[in-house]
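Descriptive analysis of the structure
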Amino acid sequence: MLETSSISIIKKELQQMPKELLIQHLLRLAKYKKDSKELLNYLLFEAHDEAHYIQQVKEEIEQEFENINYSSIYYVKKGVQRIHRILNKYIRYSGQKTTQIELLIFFCQQLKSCKTNYKRSKVLTNLYERQIVTISKALAAVHEDVRMDYESDLEQIL
């Protein structure tokens, strides 16, 4: 079985590589994995304007909440879990704590205001509570001024 090199070894190799070959490798990587392509798209086109990126993600999440099948709690649960997976992917692309906090607060607000009561499902209740814990942990890692801005939003969803 082939051994995968460590990140530091890969980094050293990439630094020595000619620019044209590096571009070819990046394009090949993006071609075979959708997540790689989406991450590359974020890095090239979205990372410079984080506020616009957050707004686009919020609009998509809002649209996804509108498209959930509310006929039974089972479909609501599956829809919310799918939205949460999408949201986590976008948060991973950004890698910024403030983006994580803002998007998770928005997700919780959408979950609270959706057409069905999320408290009817133990899974959705646990998901909601885990997001509150995640937001609190992320808040502890940001600057005090930024923390105070988001703490009021966190109080509203509690």
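Report on the accompanying structure. (Residues numbered from 1 in each chain as written. Predicted model: local features only at pLDDT ≥ 70, side-chain atom pairs only at ≥ 80, totals over all residues. Heavy atoms only, no water.)

Brief notes about the packing of aromatic side chains
Note on aromatic pairs: each is described by the distance of the centres and the angle between the planes. Definition in use: Stacked, edge-to-face and tilted labels apply to pairs of Phe, Tyr and Trp rings (six-membered ring for Trp) whose centres lie within 6.5 Å, assigned for plane angles under 30 degrees, over 60, and everything in between, in that order. Helix and strand assignments come from DSSP, with helices taken as H or I runs of at least 4 residues and strands as E runs of at least 2, each series counted from the N terminus. To sort residues, take the accessible area from a 1.4 Å probe on protein chains only and compare it with the maximum for the residue type: under 20% means buried, over 50% means exposed, and anything in between is partly exposed. Two limits define a charge over a ring: the Lys NZ or Arg CZ must be within 6 Å of the ring centre, and within 35 degrees of the ring normal.
Counting across every chain of the model gives six aromatic pairs. Ring centres of Phe 65 and Phe 107 lie 5.8 Å apart, and the angle between their planes is 55°; this geometry places the pair in the tilted category. Placement of the pair is Phe 65 in helix H4 (residues 50–66) and Phe 107 in helix H6 (residues 97–113), with a sequence separation of 42 residues. The burial state of Phe 65 is the same as that of Phe 107; both residues are buried. With a centroid separation of 5.5 Å and an interplanar angle of 70°, the aromatic rings of Tyr 74 and Tyr 75 are classed as edge-to-face. Residue Tyr 74 is classed as partly exposed on the basis of its relative accessible area of 46%. Overall, the relative accessible area of 42% leaves Tyr 75 in the partly exposed class. Connected via pairs of aromatic rings, a cluster forms that spans Tyr 42, Tyr 53, Tyr 90 and Tyr 93. One Lys or Arg, Lys 89, reaches over the ring of Tyr 90 and ends 5.6 Å from the middle of that ring.

As for helix H7 (residues 122–140)
Here is the rule: An expected span of 1.5 Å times one less than the residue number is assigned to each helix. The arc in question is the one spanned by the directions pointing from the helix axis to the C-beta atoms. Whether two residues touch is decided by their heavy atoms; if any such pair falls within 4.5 Å, the residues are in contact. Nitrogen and oxygen atoms within 3.5 Å of one another constitute a polar contact, given that in protein one can donate a hydrogen and the other can accept it, and given that sequence-neighbouring residues count only through two side-chain atoms.
With 19 residues, H7 extends 27 Å from end C-alpha to end C-alpha; this agrees with the ideal 27 Å at 1.5 Å per step. Burial in H7 covers these residues: Leu 124, Thr 125, Leu 127, Tyr 128, Gln 131, Ile 132, Ile 135, Ala 138 and Leu 139. Within H7, the buried residues cover an arc of 165° as seen down the axis, which keeps them to one side. Residues of H7 that are exposed and point over 90 degrees away from its buried face: Lys 122, Lys 137 and Ala 140. The inward-facing, buried residues of H7 contact helix H5 (73–94), H6 and helix H8 (144–157). Its side-chain oxygen at 3.3 Å from the backbone nitrogen of Val 123, Ser 121 defines the N-terminal cap of H7.

Quick word on the pattern of salt bridges
Heads up, the condition is: Whenever Lys or Arg places a side-chain nitrogen within 4 Å of a carboxyl oxygen from Asp or Glu, that contact is recorded as a salt bridge.
All told, the structure shown has four salt bridges when counted by the stated rule. Here Lys 34 and Glu 38 are joined by a salt bridge, their closest N and O atoms 3.7 Å apart. Within this pair, Lys 34 and its partner Glu 38 are both found in helix H3 (residues 34–46), separated by four residues, close to a single helical turn. Among the residues examined, Lys 34 registers a relative accessible area of 59% and is labelled exposed. For the salt bridge of Glu 38 with Lys 89, the shortest nitrogen-to-oxygen distance reads 3.1 Å. Taken together, the residues Glu 38 in helix H3 and Lys 89 in helix H5 connect sequence positions 51 residues apart. The structure contains a network of salt bridges with shared partners spanning Lys 34, Glu 38 and Lys 89.

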